[in-house]
Amino acid sequence: MSDKERANFGSKLGIILASAGSAVGLGNIWRFPCEVGENGGAAFILVYLVCVFFLGVPVMVSEFLIGRHSHANTATAYQILAPRTPWKTVGLMGVFAGFLILSYYTVVAGWTLEYMVSATAGRLSGAKDFTRHFNEFVANPWKPVLYMTVFMLLTHAVIVRGVKDGIEKFSKVMMPMLLLIIGILVVCSFSMPGSSEGLRFLLKPDFSKITAKVVLSAMGQAFFSLSLGMGCLCTYASYFGKEANLMKTAGSVALIDTIVAVMSGFIIFPAVYSVPGLSPDAGPGLVFVTLPNVFNIAFGNIPWLGYLFSVMFYVLLVLAALTSTISLHEVATAYIHESYGISRRKGAYIVTGGCIVLGALCSLSFGVLSDFKLGGMILFDCFDFLSAKFLMPLGGMLISLFTGWYLDRRLVWEEVTNDGKLRISFFRFYIFLLRYVAPLAIGVIFVNELLRS
Ligand code: PFF
């Protein structure tokens, strides 16, 4: 396929919002607060910030330059840049990881959709045993599968519209909405009685809490949250125009992603601390079990405010998840379309169909298939482990090695500076991070994650 036929994002804003849409997702609103809660609050956030800006941004710039230079899906990109070498495996691994992540991520996205519907219908109002409610819902044989399928079809509907009319247009609508909702919810959460305790937890670092485990969790979270290591941003960058400033775009995406993650903490912890007896380290149940309790107890006197808060919160989760599933879907769709000469529409159907089947199996692994285990894990956990803990860090490490050591330095410089038009004063520092710091640091998380599991 020639470059002329290939779609491109239409504007700089579109580029930033689509990439930030990929990065901002359940990782920020669901996983980040849960990691913060389990790893001691402010100290974790500090380590996380270092990981985002010293490891995440350099790897993101590398993904961007690989994608934009090759103008191809992530698997083909490595074949173009390193023909007849084993580097093409890095791209193929990315497509495979994207497919796996999409399958299990959409299961959780489906839960958020169900909670949004339930919140709107008023089913989350009133005193209830929300732990039981959640456990019964995820183990139900058909309901979560149905919501997962609906979510996948929503993603499909955007993807088949194409890069400019689908991904870019929807990101330009959904991202501002998402940011607006976050702003409103932060104000609401701050105004709750007792919220200062939650703020203290988030803002006052206790340095004695920084252990090896905290550092490693922060690195893993940074990679997942920034969508790095599996060619997602590389695929998006293949639609960037010549004039896009890769360093600035990576900086903006990282900044938006971090602001959303920290704001989610500012929404959740003051709210949780405003209800005595609820724990900030409730883990993955934080947004599906603890928060419905908060909405009811904290707003007991003003139920309509509790209602509004909960509806807006789950709308926020759905929007964030959708912009991410779209980017995951695009990785595989672009690959099938360009590598096998199948039309984009047919490629999208194949990905949607395949992921619905795998997603259904992941969803059922919480209920009727809970006895089916691979490596001692239910299918959902197995997919999460294989992609987020194995393929993503490995991909991130290989991408930094590829850009830092294999690629011609001139090519990297030309991409980063747009053929010398941009002045990038810290180019050498960027190369240093890529050659030594990123591979070593990621190598450490990687080995540690493998040893821990
Ligand atoms: N970054 C997304 C989140 O934080 O929820 C998850 C994700 C999206 C991971 C796309 C990987 C990816 F390619």
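Values in this document were obtained by computation on a predicted structure and should not be read as measured data.

Peer 1: Any chance you could explain the site of the ligand here in plain terms?
Peer 2: In the neighbourhood of the ligand, 16 residues make up the surrounding shell, with Ala23, Gly27, Tyr105, Phe224 and Met230 lying closest. Within the backbone of Gly27, one N or O atom sits 2.7 Å away from an oxygen atom of the ligand. In the model, an oxygen atom of the ligand is placed 3.3 Å from a nitrogen or oxygen of the Asn28 side chain. Breaking the shell around the ligand down by element, the ones donating at least two residues are helix 1 (12-23), helix 2 (26-38), helix 10 (212-225) and helix 14 (303-340). Tallied by class, residues from the shell around the ligand come to 8 nonpolar, 8 polar and no charged.

Peer 1: What should I look at first to understand helix 15 (residues 344-364) in this one?
Peer 2: Since the α-helix turns once every 3.6 residues, residues separated by three or four places project in the same direction. Taking 1.5 Å per residue, 21 residues should reach 30 Å; helix 15 reaches 30 Å between its end C-alpha atoms and fits that length. Residues of helix 15 that are buried: Arg344, Gly347, Ala348, Val351, Thr352, Cys355, Gly359, Ala360, Cys362, Ser363 and Leu364. On its buried face, helix 15 sits against helix 5 (88-120), helix 6 (130-139), helix 7 (143-159), helix 8 (163-190), helix 14 and helix 16 (379-406).

Peer 1: I would appreciate a short explanation of a nonpolar patch on the surface in the present structure.
Peer 2: On the surface, Val50, Phe53, Phe54, Leu255, Ile259, Trp405, Phe426, Phe429, Phe432 and Tyr436 cluster together to form a nonpolar patch covering roughly 970 Å² of accessible area. Of all elements in the fold, only helix 3 (42-70), helix 12 (246-273) and helix 18 (427-452) reach the threshold of two or more residues within the nonpolar patch. Mapping Phe432 onto the fold places it in helix 18.

Peer 1: For this particular structure, what's the right way to read the packing of helix 2 against helix 12?
Peer 2: Relative orientation and spacing of two packed helices are given, respectively, by the angle between their axes and the distance between those axes. Look at helix 2 against helix 12: their axes get within 9 Å of each other, and the N-to-C directions meet at 65°. Judged by the angle between their axes, helix 2 and helix 12 are roughly perpendicular. Considering how the two elements wind past one another, helix 2 and helix 12 form a crossing that is right-handed. In this structure, helix 2 contributes Asn28, Ile29, Phe32, Pro33, Val36 and Gly37 to the contact, and helix 12 contributes Asp257, Val260, Ala261, Val262, Ser264, Ile268 and Phe269. When its residues are assigned to classes, the contact of helix 2 with helix 12 shows 9 nonpolar, 3 polar and 1 charged.

Peer 1: It is not clear to me how the environment of Lys346 should be interpreted in this structure. Could you clarify?
Peer 2: Mapping Lys346 onto the fold places it in helix 15. The exposure class of Lys346 is exposed, given its relative accessible area of 56%. Along the primary structure Lys346 and Ile336 are separated by 10 residues, whereas in three dimensions their C-alpha atoms are 9.0 Å apart.

Peer 1: Help me understand unusual backbone geometry, please; the structure alone is not making it clear to me.
Peer 2: When glycine is set aside, most residues are seen to have a negative phi, and most peptide bonds are trans. Phi at His71 takes a positive value of approximately 50°, unusual for a residue other than glycine. In this structure, His71 sits in the loop between helix 3 and helix 4 (74-81). A positive phi angle is found at Ser227, which is not glycine, with a value near 60°. For Ser227, the location among the structural elements is in the loop between helix 10 and helix 11 (232-237). Classification of Ser227 by relative accessible area gives buried; the value is 8%.

Criteria and thresholds
The residue numbering used here restarts from 1 in each chain and proceeds along that chain's sequence as written. For a predicted model such as this one, the threshold for reporting local features is a pLDDT of at least 70, and the threshold for listing and counting side-chain atom pairs is 80 or more; totals across whole chains, interfaces and linings nevertheless cover every residue. Computation of side-chain values covers all heavy atoms of the structure but excludes hydrogens and water. The rule for a residue being near a molecule or strand is that one of its heavy atoms must lie within 4 Å of it. Throughout this description, a polar contact denotes any pair of N or O atoms lying within 3.5 Å of each other; where both atoms belong to protein, one of them has to be capable of donating a hydrogen while the other can accept it, and for residues adjacent in sequence the pair is counted only when both atoms sit in side chains. Think of it this way: any DSSP run of H or I at least four residues long counts as a helix, any run of E at least two long counts as a strand, and we number them from the N terminus. Throughout this entry, Asp, Glu, Lys and Arg are counted as charged residues, while Ala, Val, Leu, Ile, Met, Phe, Trp, Tyr, Cys and Pro are counted as nonpolar. The remaining residues, Gly among them, count as polar. Multiplying 1.5 Å by the residue count of a helix minus one yields the expected span of that helix. Per-residue accessibility, obtained with a 1.4 Å probe over protein chains only, is compared with the maximum for each type, and a residue is labelled buried under 20%, exposed over 50%, and partly exposed between these values. Whether two residues are in contact is decided by their heavy atoms: any pair within 4.5 Å suffices. Like-charged residues within 9 Å of one another, or nonpolar side chains (Val, Leu, Ile, Met, Phe, Trp, Tyr) within 5 Å, are grouped into patches, provided each residue has over 30% relative accessible area and no salt bridge. Residue-level accessible areas treat just the shown protein chains as cover; the underlying method is Shrake-Rupley with a 1.4 Å probe. Salt bridges are defined by distance alone: a side-chain nitrogen of Lys or Arg within 4 Å of a carboxyl oxygen of Asp or Glu. Axes, fitted as lines to C-alpha atoms, cover a helix only where it is in contact. Angles between the N-to-C directions of the axes lie from 0 to 180 degrees. Orientation categories follow fixed angle ranges, with anything under 35 degrees roughly parallel, anything over 145 roughly antiparallel, 65 to 115 roughly perpendicular, and all other angles oblique. Should the near helix be turned counterclockwise from the far one by less than a right angle, the crossing is left-handed, whereas a clockwise turn marks it as right-handed.

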